[in-house]
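# Structural characterization, general
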Amino acid sequence: MPRPFLSARAALAAMLTLSALTPPPASAQAPANTDFVPVTDTMLQDPAPEDWLTWRRTLDAWGYSPLDQIDRSSVGDLRMAWTRALTPGSQQGTPLVYRGVLYMPNPGDVIQAIDAATGDLVWEYRRNLPEDIYDHVGRLAVTNRNLAIYDRLIIDTSADNFAFALDAATGELVWETRILDYLTHPATHSAGPIIAGGKAISGRSCRPAGGPDACVITAHDALTGAELWRRRTTPAPGEPGDETWGGVPDAERKHVGSWMPPSYDPELNLIYAGTSVTSPAPKFMLGGADLAHLYHNSTLALDADTGEIVWYYQHLNDHWDLDHPFERMLLDTAVAPDPDAVDWINPRLRPGEVRRVMTGVPGKTGVVYTLDRETGEFLWATPTIAQNVITHIDGATGTVTENGEVTFSALGQEMLVCPTWAAGRGWQSGAYSPLTGAMYFPMRNTCARMLSTLDSGLRTYALAARHQLAPGTDMLGTVRGISVETGATTWLHEKRAATWSLVATGGGLVFGGDVNGRFRAFDHETGAVLWEINLGSPVTGYPITFAAAGRQYVAVSTGSAAQSSTQLRITPELRPSAGNNLFVFGLP
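Residues numbered from 1 in each chain as written. Predicted model: local features only at pLDDT ≥ 70, side-chain atom pairs only at ≥ 80, totals over all residues. Heavy atoms only, no water.

### Brief notes about the overall build of the chain
- When you go through the chain residue by residue, the secondary structure sums to 4 helices and 41 strands.
- Here the C-alpha atoms of the chain give a radius of gyration of 22 Å, agreeing with the 25 Å that 2.2 N^0.38 yields for 588 residues.
- Residue burial in the chain is summarised as follows: out of 588 residues, 65% are buried.
- Within the chain, contacts between residues separated by at least 24 positions form 62% of all contacts whose residues are at least 6 apart in sequence.
- Of the roughly 19,000 Å² that the chain leaves accessible, carbon and sulfur atoms contribute 50%.
- Mean positive and mean negative side-chain charge positions of the chain (43 and 62 charges, respectively) differ by 5 Å. (Helix = DSSP H or I, 4+ residues; strand = E, 2+ residues; numbered from the N terminus. Rg over C-alpha atoms; globule rule 2.2 N^0.38 Å. Buried < 20%, exposed > 50% of the residue type's maximum accessible area, 1.4 Å probe, protein only. Contact = heavy atoms within 4.5 Å. Areas by Shrake-Rupley, 256 points an atom, 1.4 Å probe, with all protein chains shown as cover. Lys, Arg positive; Asp, Glu negative; His and termini not counted. Charge placed at Lys NZ, Arg CZ, Asp CG, Glu CD.)

### Side note on the sheet that holds strand S34 (residues 489-495)
- Strand order across the open sheet formed by 4 strands is S29-S30-S33-S34, with antiparallel pairing between neighbours. At either margin of the open sheet sits one strand with a lone partner, and together these are strand S29 (431-433) and S34. With strand direction ignored, the average angle separating the axes of adjacent strands in the sheet is 20°.
- Where strand S30 (residues 438-444) lies against strand S33 (residues 477-483), 7 bridges are found, and the strand directions are antiparallel. Residue arginine 444 lies in a different strand from S33, and its bridge partner there is glycine 477. (Pairing = 2+ DSSP bridges. Axes fitted to C-alpha atoms, helices over the stretch in contact; angles between N-to-C directions.)

### Topic: the side chain of aspartate 514
- Relative to the helices and strands, aspartate 514 resides in strand S36 (residues 509-514).
- A polar contact of 2.9 Å, which involves the side chain of aspartate 514, links it to the side chain of arginine 520.
- When near neighbours in sequence (up to four residues on either side) are disregarded, aspartate 514 contacts Ala497, Ala498, Thr499, Trp500, Arg520, Pro538 and Val539. (Polar contact = N/O pair within 3.5 Å; in protein donor to acceptor, adjacent residues only side chain to side chain.)

### Here we look at the nonpolar core
- Ranked by internal contacts, the top residues of the largest apolar core, which has 81 residues, are Leu102, Tyr103, Ile149, Ile155, Phe511, Phe519 and Phe546.
- Within the second largest apolar cluster, 32 residues are counted, among which are Tyr369, Leu371, Phe378 and Val417. (Core = buried A, V, L, I, M, F, W, Y, C linked by side-chain atoms within 4.5 Å.)

### Overview of the sheet that holds strand S8 (residues 153-157)
- Read across the sheet, 4 strands follow the order S7-S8-S9-S10 without closing on themselves; strand pairing throughout is antiparallel. One side of each edge strand has no neighbouring strand; the edge strands of this open sheet are strand S7 (148-150) and strand S10 (173-178). Each strand of the sheet is rotated relative to its neighbour by a mean of 20°, with strand direction disregarded.
- Two strands pair when backbone bridges link them, and S7 and S8 are joined in this way by 3 bridges, in the antiparallel orientation. Across the sheet, tyrosine 150 pairs through a bridge with leucine 153, a residue of S8.

### Observations concerning the pairing of strand S6 (residues 121-126)
- One ladder, built from 5 bridges, connects strand S5 (residues 110-115) with S6; its direction is antiparallel. In the strand pairing of S6, isoleucine 114 is matched with leucine 121.
- In this structure, the hairpin formed by S5 and S6 is closed by a connection of 5 residues, where glycine 119 is found at a positive phi of approximately 85°.

### Looking at the packing of aromatic side chains
- Counted according to the given criterion, the structure contains 20 aromatic pairs.
- Relative to tryptophan 531, the ring of phenylalanine 519 has its centre 6.0 Å away and its plane inclined at 85°; by these criteria the two rings are edge-to-face. Here phenylalanine 519, found in strand S37 (residues 518-523), pairs with tryptophan 531, found in strand S38 (residues 529-534); they are 12 residues apart in sequence, far enough to count as distant. Comparing phenylalanine 519 with tryptophan 531, the two get one shared label, buried.
- Counting every residue linked through ring pairs, the aromatic cluster contains Trp55, Trp427, Trp500 and Tyr542.
- Stacked on the ring of phenylalanine 164, the Lys or Arg arginine 127 has its end atom at 4.8 Å from the ring centre. (Phe/Tyr/Trp six-rings, centres within 6.5 Å; stacked < 30°, edge-to-face > 60°. Lys NZ or Arg CZ within 6 Å of the ring centre and 35° of its normal.)

### A short note on the pairing of S36
- Extensive coverage of S36 is indicated by the burial of 6 of its 6 residues.
- Of the two faces of S36, the one carrying Leu509, Phe511 and Gly513 and the one carrying Val510, Gly512 and Asp514 are both buried.
- In this structure, strand S35 (residues 499-505) lies alongside S36, joined through 4 bridges in antiparallel fashion. Bridge pairing links threonine 499 to aspartate 514 in S36.
- Linking S35 to S36, which pair antiparallel, is a turn of 3 residues; within it glycine 508 sits at a positive phi near 80°.
- With 5 bridges connecting them, S36 and S37 associate as antiparallel partners. What sits directly across from valine 510, in S37, is phenylalanine 522.
- If you look at the hairpin formed by S36 and S37, you'll find 3 residues sitting between the two strands, and glycine 517 has a positive phi there, around 90°.

### Digging into unusual backbone geometry
- Here leucine 294 and tyrosine 295 are connected by a cis peptide whose omega angle stands at 5°.
- Mapping tyrosine 295 onto the fold places it in the loop between strand S18 (270-274) and strand S19 (298-303).
- With an omega dihedral of -10°, the bond running from cysteine 418 to proline 419 counts as a cis peptide bond.
- Look at alanine 61: it is not a glycine, yet its phi comes out positive at around 65°.
- Tracing the backbone shows alanine 61 in the loop between helix H2 (41-45) and strand S1 (64-65).

### Quick look at the confidence of the model for the chain
- Chain-level statistics for the chain give a pLDDT mean of 94 and a share of 94% at 70 or above.
- In the model, residues 1-33 has pLDDT below 50 throughout and makes 82 contacts with residues more than four positions away in sequence or in other chains. (pLDDT = per-residue confidence, 0-100.)

### Structural notes on the pattern of salt bridges
- Scanning all chains against the criterion turns up 30 salt bridges.
- When the shortest N-O distance is used, the salt bridge between arginine 232 and aspartate 213 registers 3.2 Å. In this pair, arginine 232 is assigned in strand S16 (residues 227-232) and aspartate 213 in the loop between strand S14 (205-206) and strand S15 (216-221), connecting sequence segments 19 residues apart.
- Exposure remark for arginine 232: the relative accessible area of 14% places this residue in the buried category. (Salt bridge = Lys/Arg side-chain N within 4 Å of Asp/Glu carboxyl O.)

Laid out in structure tokens, this is it:
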């Protein structure tokens with residue numbers, strides 16, 4: 001029998017003496033609600049057009065909605081339908097929408113249910129967090145990027161290192177399960193879970209103080225909160241991959257996080273999760289630059305039932321904090337990379353053959369990688385922005401060669417590195433449209449004078465940097481359309497302001513914002529700007545589109561967030577405000 005429900009504070013106090021590696025489920029199944037239609041796995045895999053049921057709407061991470069009431073001919077008539085202020089803090093939220101209710105994650109573990117057509121509040125949940133929580137897990141844990149919905153539950157992860165579920169109709173806490181003890185294994189939970197076969201799958205950015213046991217991907221029973229499995233992102237001594245650390249003690253294998261939501265293929269039953277850099281980043285400080293240090297900056301394909309690694313691919317041996325945790329797009333496509341547009345191609349490819357692929361720009365380098373998602377076989381890759389950290393990828397093996405001229409070998413060295421952790425590609429998501437066969441990504445032209453040091457800058461990574469525009473351009477922001485079949489650029493939009501997350505629609509549109517508060521609708525075929533509004537503050541949230549009462553809406557949030565301050569220092573003439581607000585637009 002599951003144990004009785006406890007409040008967040010009481011549950012934490014009761015559990016502090018238990019091992020963080022074997023947390024119990026905290027409560028029981030959601031109470032019945034006859035007016036609420038439960039969300040099923042089938043609905044998550046093929047959502048109704050009007051709904052947005054997971055982070056990128058579908059588990060394949062397309063960021064695409066088939067809604068077409070707002071299209072290229074009508075988008076110029078968009079008007080604000082309603083707006084609502086959000087709680088203070090780093091704002092990177094993605095709304096969920098189900099049957100006319102919008103569920104919005106706010107900074108600081110606040111969740112709101114809102115009438116999607118009117119903006120009226122239905123309920124609000126505010127988690128009772130320990131007073132010292134951010135001293136241990138860091139201020140980035142204020143961020144709450146996404147929620148999950150399943151059955152009658154809204155499911156999330158919290159700053160105090162719990163997974164928890166709310167009654168979707170009332171906002172009452174139904175269950176909570178401790179993942180880690182934040183005092184002994186602190187981790188930053190800046191992203192919530194996805195649901196894969198009734199399991200809530202979540203990753204985290206592990207703090208160096210938490211050691212390798214804080215660097216885990218976990219699965220919880222979505223109905224009860226019982227932990228089903230956990231997967232460390234670094235091998236322990238004696239496990240496969242241990243040799244890639246060259247004798248570095250297990251306790252020093254730190255900070256390989258999986259801090260963005262994964263993707264899921266229900267047919268293959270595989271979870272696709274990306275990982276981040278080590279702490280420190282320069283590998284001469286971790287046994288040598290020639291060691292792979294698995295599984296940092298990799299794609300992990302995990303068995304959704306067990307968490308076992310089915311295959312992995314390492315995108316970069318990272319010395320510069322160029323994480324690779326971002327969304328992996330899953331689709332079936334003909335694969336015919338254009339040698340005039342693509343730098344690295346598998347010579348065994350039969351051009352035009354249809355493959356199940358995992359594609360996109362998974363890391364800060366801005367390099368597109370297309371892999372066979374069943375086997376992990378490398379198919380092709382190509383840069384999209386200025387980069388000097390990768391010199392070659394072996395098409396036959398997928399092995400990446402890093403640039404020795406910018407690889408640190410001692411403290412005090414300074415290198416010009418392109419891009420930077422201010423991000424050629426950041427946590428801001430791209431989108432894929434099946435109408436064009438193209439994916440669209442917001443990327444930035446950044447470089448940095450980077451210093452290997454223990455005395456200043458980002459001490460977690462032993463790096464400091466002076467960020468700047470890449471040589472040869474005065475445009476920081478780009479939006480690029482890329483053919484998933486050929487790798488060729490279909491269009492390129494360049495702006496002085498850094499560009500942020502995108503959504504594609506059945507109306508032939510791509511919506512996206514920038515750090516200067518502009519929110520735009522692009523033509524998905526040409527990149528022409530068809531509509532634009534100034535929202536005043538950086539467009540830091542993930543835009544979505546949904547329908548309520550037969551009317552299509554577009555929603556996006558603004559505010560302050562990681563990377564925005566660095567990007568604004570590169571373009572100091574841009575001076576937006578920093579208000580956290582949710583904006584919803586519709587046709588008259």
